[in-house]
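# A structural walkthrough
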Amino acid sequence: MAAPLTLAQIAARLGGRLVGAPQTLIRQVASLQSAGPGHISFLAGRALRPLLAGTRASAVVLGAPDERLTELPRIVCDNPHAYFARVSQLFNPAVAQEAGVHPAAVLAPGVRLGARVSIGAGCVLGEGVSVGDDSCLYPRVVVYAGCRIGARAIVHAGAVIGADGFGLAPEAGRWVKVPQIGRVLIGDDVEIGANTTIDRGAMDDTVIGDGVKLDNQIQIGHNCRIGAHTAMAGCSGVAGSTSLGERCMVGAGARILGHLSICDDARISAGTVVSRSIRRAGTYTGLYPAQEHASWKRNAAALRNLAGTEKRQGTVRAKRKRKGKKNG
Amino acid sequence: MAAPLTLAQIAARLGGRLVGAPQTLIRQVASLQSAGPGHISFLAGRALRPLLAGTRASAVVLGAPDERLTELPRIVCDNPHAYFARVSQLFNPAVAQEAGVHPAAVLAPGVRLGARVSIGAGCVLGEGVSVGDDSCLYPRVVVYAGCRIGARAIVHAGAVIGADGFGLAPEAGRWVKVPQIGRVLIGDDVEIGANTTIDRGAMDDTVIGDGVKLDNQIQIGHNCRIGAHTAMAGCSGVAGSTSLGERCMVGAGARILGHLSICDDARISAGTVVSRSIRRAGTYTGLYPAQEHASWKRNAAALRNLAGTEKRQGTVRAKRKRKGKKNG
Amino acid sequence: MAAPLTLAQIAARLGGRLVGAPQTLIRQVASLQSAGPGHISFLAGRALRPLLAGTRASAVVLGAPDERLTELPRIVCDNPHAYFARVSQLFNPAVAQEAGVHPAAVLAPGVRLGARVSIGAGCVLGEGVSVGDDSCLYPRVVVYAGCRIGARAIVHAGAVIGADGFGLAPEAGRWVKVPQIGRVLIGDDVEIGANTTIDRGAMDDTVIGDGVKLDNQIQIGHNCRIGAHTAMAGCSGVAGSTSLGERCMVGAGARILGHLSICDDARISAGTVVSRSIRRAGTYTGLYPAQEHASWKRNAAALRNLAGTEKRQGTVRAKRKRKGKKNG
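So, how was this worked out
- Residues numbered from 1 in each chain as written.
- Chains lettered and ligands numbered in written order.
- Predicted model: local features only at pLDDT ≥ 70, side-chain atom pairs only at ≥ 80, totals over all residues.
- Heavy atoms only, no water.
- Pairing = 2+ DSSP bridges.
- Helix = DSSP H or I, 4+ residues; strand = E, 2+ residues; numbered from the N terminus.
- Domains from an automatic or database assignment.
- Least-squares fit on C-alpha atoms with pLDDT ≥ 70 in both.
- Contact = heavy atoms within 4.5 Å.
- Buried area = accessible area lost by both parts, 1.4 Å probe.
- Salt bridge = Lys/Arg side-chain N within 4 Å of Asp/Glu carboxyl O.
- Axes fitted to C-alpha atoms, helices over the stretch in contact; angles between N-to-C directions.
- Parallel < 35°, antiparallel > 145°, perpendicular 65-115°, else oblique.
- Left-handed = near helix turned anticlockwise from the far one by under 90°.
- Expected span 1.5 Å × (residues − 1).
- Buried < 20%, exposed > 50% of the residue type's maximum accessible area, 1.4 Å probe, protein only.
- Arc of directions from axis to C-beta.
- Polar contact = N/O pair within 3.5 Å; in protein donor to acceptor, adjacent residues only side chain to side chain.
- Nonpolar A, V, L, I, M, F, W, Y, C, P; charged D, E, K, R; others polar.
- Phe/Tyr/Trp six-rings, centres within 6.5 Å; stacked < 30°, edge-to-face > 60°.
- Right-handed = clockwise from strand over helix to strand, strands pointing away.
- 1 Å grid on protein atoms, 1.4 Å probe; cavity = no way out; pocket = protein on both sides within 12 Å on 5 of 7 lines; lining within 4 Å.
- Points joined across faces, edges and corners; volume = space filled by probe spheres on them.

Before going further, it helps to spend a moment on the sheet that holds strand β15 (residues 142–143) of chain C. Two modes of strand pairing occur in sheets, parallel and antiparallel, and in both the strands are linked by backbone hydrogen bonds. Spatially, nine strands are ordered β9-β12-β15-β18-β23-β26-β29-β32-β35 (chain C) in an open sheet, and the strand pairing comes out parallel. For this open sheet the edge positions go to β9 (106–107) and β35 (273–274) of chain C, each flanked by a neighbour on one side alone.

Right under this line is the structure:
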């Protein structure tokens, strides 16, 4: 853990306007609820205001509209969340793993590592892989041959970069494998979550732009292009040959189908499946609202025949035993 | 494999009422369809009754209402499924891996292991991790620094516990990383499926209660709290800062969005996305019913304008070639 | 990389009708857009026709209807996609990893490997596992004890085969583990994607047929049977005890619930949840259409009460601050 800092030292490094005792000593960050002496906390969003009165934090980061809600020593700034993130970075260096290659990692010939790179235990890097300066691969990351990762990357455990895309040609009721000979090219300042998979391109490359942030268990298909600073939440996915613009936000579990084009600044809500291209920035949603099961059942039955044209279906209820009994 | 037992010995250990020859020798469990001599099977649920007549099992476990459906030696009990599970445990010890740390596992300094713990090949345990008595980590489990796993845990291959939560603060079109300094605390008697991921807390901890059962490929976001004895089926997920009550059941592929509170004994159907808190026990569903594609297409078109207010959309069909041809 | 071939040599090996200079030398495949001298490309589908005029490829594979769209040396055939896949296989052997067992793999006693098998770094194979001739396991694949993989398999990094199925019996608000004593049996010519999981059977086996193709992050539950030549796209899943027929196609993110039976040649669209058995070949879809958020909100509200019977709900909006303010 890093050395303590006074509130004045923090403000000197990160800016903001200091209100209250500048010598207040800060050792670590904490949430409003769990903070104690030596902790700095932050207030972002109206919903948390009630917690401010009861906090035992030594200081707090907040915006000008909230400035008078507390008597605590405080730093007032435009973007308390981002400011607080930087304060936390002072006390908690982002990369927790030492630089160097763990002896239980396996590097093929021709791997090129930048300065201060950290490769965790059990990582496997294929022939000709390159990793930029200050990047950290946590344990058990696999990077297939020929892929490139930029500088300052953080790749979490279990991620697989550069496995074959799902390229199959149908022929007489069977599948012929299409060799996947493209690469994965990842820009700078990218974070990749645990057990996320990014497939290599079929012939051209799969490209992840600078500053892209991918949460856990995300799937990126072959030949996708993800624009700079786009963020995707856990368990979302993009099917092959789709391109996302810059600064997009994709909610948890959302899926974007293949061969589509999504413009800059599009936001896809959690759980939404996007099956058409998006040409206009904005928020897009497609989510069946959850209800009590009995209400859902009636509404879903109505939905199944909304256009009044349902034909005899090929789907069959697996069990009709209750109805059978009722009629029996 | 364990030694054979007579039906009388099984009933003596596990209770139940024995009907038929007490010296019937049992070597293993099997399903009604595939059982043969030396096997014990079970009947749970009316749907499987027709299989009972044809089974070649030496004995069967069933409930009182079904007692007279067979002449086979049998054990009659209140909960045939649970009883049968315990019979199977007699013949098949739950943990198939030997106690001890495999030489190909990597343990950082300060790891504390309880008695009879089994750590598989390729596991990586970070600094200060603790694992309780009788727990089994199958191969290639990663536990990040500081996380705690209770007693009698079963963690399947590829699980990642304690990777960074998805904490990002937006600032001028880019993302500032919020260091994730909480831990993951896992209670006793927890099972965690293959390739499941549980993120460490942002500042406070992510907490998994006693007796929680997580299937494969589940994602638990930072700062979640999963109540005791809750079970989640494969590919489901809980986004950050959501709490689930005790004894909840979450169906396959269901997702619970962030910052919500789900009460005890809630059941979320498979494929459902929960976007609001749930305050009352019961079953909740939100699932677009699958139909033949042509019916779906008409109904979905009607649904898109159900409230009669659809504006010009930013989504565009990727290909209109057929329609184009028709009009040409 | 393999040696160059003339167009005549390619046609001699793979068939098709050659038009243009037979001595055209080909070194590699490429897409129409990125091809240059020495590359062969292909045209499949009307949408890509405009790219044909501008390509710098040395030759192209196409169907008879498109034969006159270019002056380039070309091979005319019935199935350009499959033909091209085979051309690419000539230049790019499917398995990029050398035969043999990597020293950082861990094989338990009793593992049986066929001829020319390749086992990557960090793989862990349990007792009695068998792998057929010419199969390739990329790094960090785990195969639990007793499971069998056929010939010519390609298994990508992070896949877990044979972990316990999710077998639990409820008893007094807790869960009793049902030992999972079946195996996973995988046929010949199967491909399994990165971080995909296939659970072992509860008592009987989980069976994957010949020629099945599974993309990344797929979950196959215990006791499933997947028919020959079925293909499943990324992040799809099949819950326990469901059987899929032959030649089915399952779209990205689709889920098939448990204890169902899906007939041969069924196609499940991306994002669809199948909750009933399917008895008739065809395409099945159930997908809430994505729209601009405001339109979705109104339509979803109407959908929630489509049958006019919605009762007071147990779900509550997490935040009503805006409404509260309006009324205040």
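Residue and element names in this part refer to chain C. As defined by bridge partners, strand β19 (residues 168–171) adjoins strand β20 (residues 174–177) across four bridges and the pair is classed as antiparallel. Within β20, the position partnered with A169 by the bridge is V176. What sits between β19 and β20 in their antiparallel hairpin is a turn of two residues, with A172 showing a positive phi close to 55 degrees.

Attention shifts here to the sheet that holds strand β14 (residues 136–137) of chain C. Within the open sheet, the 11 strands sit side by side as β38(B)-β37(C)-β34(C)-β31(C)-β28(C)-β25(C)-β22(C)-β17(C)-β14(C)-β11(C)-β8(C). Their pairing is mixed. Two strands close off the open sheet at either side, each with one partner strand: β38 (291–292) of chain B together with β8 (100–101) of chain C. Pairing of strand β25 (residues 213–214) of chain C with strand β28 (residues 231–232) of chain C involves two bridges; the strand directions are parallel. In the strand pairing of β28 of chain C, K213 of chain C is matched with A231 of chain C.

Partitioning chain A into domains gives domain 1 (5–91) and domain 2 (100–284). Look at where the C-alpha atoms of domain 1 of chain A and domain 2 of chain A centre, and you get two points 36 Å apart.

Take chain B, turn it by 120 degrees, move it 0.0 Å along the axis, and it overlays chain A with an RMSD of 0.0 Å. The symmetry that links the two subunits is that of a three-fold axis.

All right, on to the interface of chain C and chain A then. Often, the extent of an interface is quoted as the loss of accessible area upon association of its parts. At the junction of the two partners, chain C supplies 78 residues and chain A supplies 65 residues. Around 6,000 Å² of area is buried between chain C and chain A when both sides are counted, 59% of it from carbon and sulfur atoms. The interface formed by chain C and chain A holds three salt bridges in total. The shortest N-O distance in the salt bridge between E171 of chain A and R86 of chain C comes to 2.4 Å.

Let us look at the packing of helix α1 (residues 7–14) of chain B against helix α3 (residues 80–91) of chain B. Residues and elements named next belong to chain B. For the pair α1 and α3, the least separation of the axes is 11 Å and the interaxial angle reads 115 degrees. Relative to α3, α1 is oriented roughly perpendicular. Note that α1 runs across α3; the crossing there is right-handed. Side by side, α1 and α3 meet where I10, A11, R13 and L14 of the first sit next to Y83, R86, V87, L90 and F91 of the second.

The end-to-end C-alpha distance of helix α4 (residues 293–304) of chain A is 16 Å, a good match for the 16 Å that 12 residues give at a rise of 1.5 Å each. For α4 of chain A, the set of buried residues is S295, W296, N299, A300, L303 and R304 of chain A. The arc that holds the buried residues of α4 of chain A, viewed along the axis, is 160 degrees, so those residues lie on one side. Contact partners of the buried residues in α4 of chain A: β38 (291–292) and β39 (315–316) of chain A, β37 (282–285), β38 and α4 (293–304) of chain B together with α4 (293–304) of chain C.

All right, on to the interface of chain B and chain A then. Chain B puts 65 residues into the contact, and the matching count from chain A is 78 residues. Overall, the association of chain B and chain A removes approximately 6,000 Å² of surface from exposure, summing both partners, and the carbon and sulfur fraction of that is 59%. For chain B, the biggest contributors to the area lost against chain A are F166, W175 and M203 of chain B; these three give 11% of the whole. Seen at the junction of chain B and chain A, the total is three salt bridges. Linking chain B with chain A are 28 residue pairs in polar contact (both at pLDDT 80 or more), by the criterion used here. When residues of the side of chain B that touches chain A are traced back to their parent elements, those giving at least two are β18 (160–163), β19 (168–171), β20 (174–177), β23 (197–199), β37, β38, α4 and β39 (315–316) of chain B. Looking at the side of chain B that touches chain A, the element that brings in the most residues is α4 of chain B, giving six residues. Class assignment of the residues belonging to the side of chain B that touches chain A gives a composition of 31 nonpolar, 19 polar and 15 charged. Two strands pair when backbone bridges link them, and strand β36 (residues 277–278) of chain A and β39 of chain B are joined in this way by two bridges, in the antiparallel orientation. Within β39 of chain B, the position partnered with S277 of chain A by the bridge is V316 of chain B.

Here the focus is the environment of V190 of chain B. Residue and element names in this part refer to chain B. Note that V190 resides in the loop between β21 (184–186) and β22 (191–192). In this structure the C-alpha to C-alpha distance between V190 and G211, which are 21 residues apart in sequence, comes to 4.8 Å. If we skip the residues at most four places from it in the chain, V190 touches R152, A153, I154, I208, G209, D210, G211 and V212.

Applying the stated rule across the entire model yields nine aromatic pairs over all chains. Plain terms: the ring middles of Y138 of chain A and Y144 of chain B are 4.9 Å apart, the flat faces sit at 40 degrees to each other, and that makes the pair tilted. Linking Y138 of chain A in the loop between β14 (136–137) and β15 (142–143) with Y144 of chain B in the loop between β15 (142–143) and β16 (148–149), this pair reaches from one chain into another. Judged by its relative accessible area of 7%, Y144 of chain B is buried. Chaining the aromatic ring pairs together yields one cluster made of Y288 of chain A, Y288 of chain B together with Y288 of chain C.

For the rest of this paragraph, the subject is the pattern of salt bridges. Tallied over the full model, the rule gives 33 salt bridges over all chains. Between K177 of chain A and E191 of chain C there is a salt bridge, and its shortest N-O distance comes to 2.9 Å. Of this pair, K177 of chain A sits in strand β20 (residues 174–177) while E191 of chain C sits in strand β22 (residues 191–192), on two different chains. Assigned by exposure class, K177 of chain A and E191 of chain C land together as buried. A salt bridge links R49 of chain B to D66 of chain B; the shortest N-O distance between them is 2.8 Å. Of this pair, R49 of chain B sits in helix α2 (residues 49–54) while D66 of chain B sits in the loop between β6 (59–62) and β7 (74–76), and the two are 17 residues apart along the sequence. Looking at D66 of chain B, the relative accessible area reads 8%, which means it is buried. Connected via shared salt-bridge partners are D164 and K177 of chain A together with E191 of chain C.

The next thing to look at is the environment of L137 of chain C. All names here are of chain C. Examined against the element boundaries, L137 turns out to sit in strand β14. The exposure class of L137 is buried, given its relative accessible area of 0%. Spatially, the C-alpha atoms of L137 and H156 are 6.3 Å apart, while their sequence positions differ by 19 residues. Apart from the residues lying within four places of it in its own chain, the contact partners of L137 are Q97, S118, I119, G120, C123, L125, V131, V143 and V155.

Another point: the side chain of E67 of chain A. Residues and elements named next belong to chain A. Summarising the element assignment, E67 is placed in the loop between β6 (59–62) and β7 (74–76). Side chain to side chain, E67 and R17 meet in a polar contact 2.9 Å long. Leave out the neighbours within four places in its chain, and E67 touches R17, V19, L62, R74 and V76.

What follows covers the pairing of strand β5 (residues 39–42) of chain C. Residue and element names in this part refer to chain C. As paired elements, strand β4 (residues 28–29) and β5 share two bridges and run parallel to each other. Along β5, the bridge assignment pairs V29 with I40. Here β5 pairs with strand β6 (residues 59–62) via three bridges, running parallel. Paired with F42 across the strands is V61, a residue of β6. As for the winding sense of the linkage, the β-α-β connection from β5 through helix α2 (residues 49–54) to β6 is right-handed.

Attention shifts here to unusual backbone geometry. Residues and elements named next belong to chain B. Of note, the phi angle at R140 is positive, near 65 degrees, even though the residue is not glycine. Checked against the element boundaries, R140 lands in the loop between β14 (136–137) and β15. The class of R140 is buried, set by a relative accessible area of 1%. Its identity as a non-glycine residue notwithstanding, N195 has a phi of 60 degrees, on the positive side. In this structure, N195 sits in the loop between β22 and β23. Under the relative-accessibility criterion, N195 is labelled buried at 2%.

Let us now look at empty space enclosed by the protein. One pass over the full model with this rule turns up seven cavities of 30 Å³ or more. In this structure, the largest cavity occupies an estimated 360 Å³ of space. G271 and V273 of chain A, G271 of chain B together with G271 and V273 of chain C are the residues nearest the centre of the largest cavity, which is lined by 21 residues in total. Of the residues assigned to the lining of the largest cavity, the class counts are nine nonpolar, nine polar and three charged.

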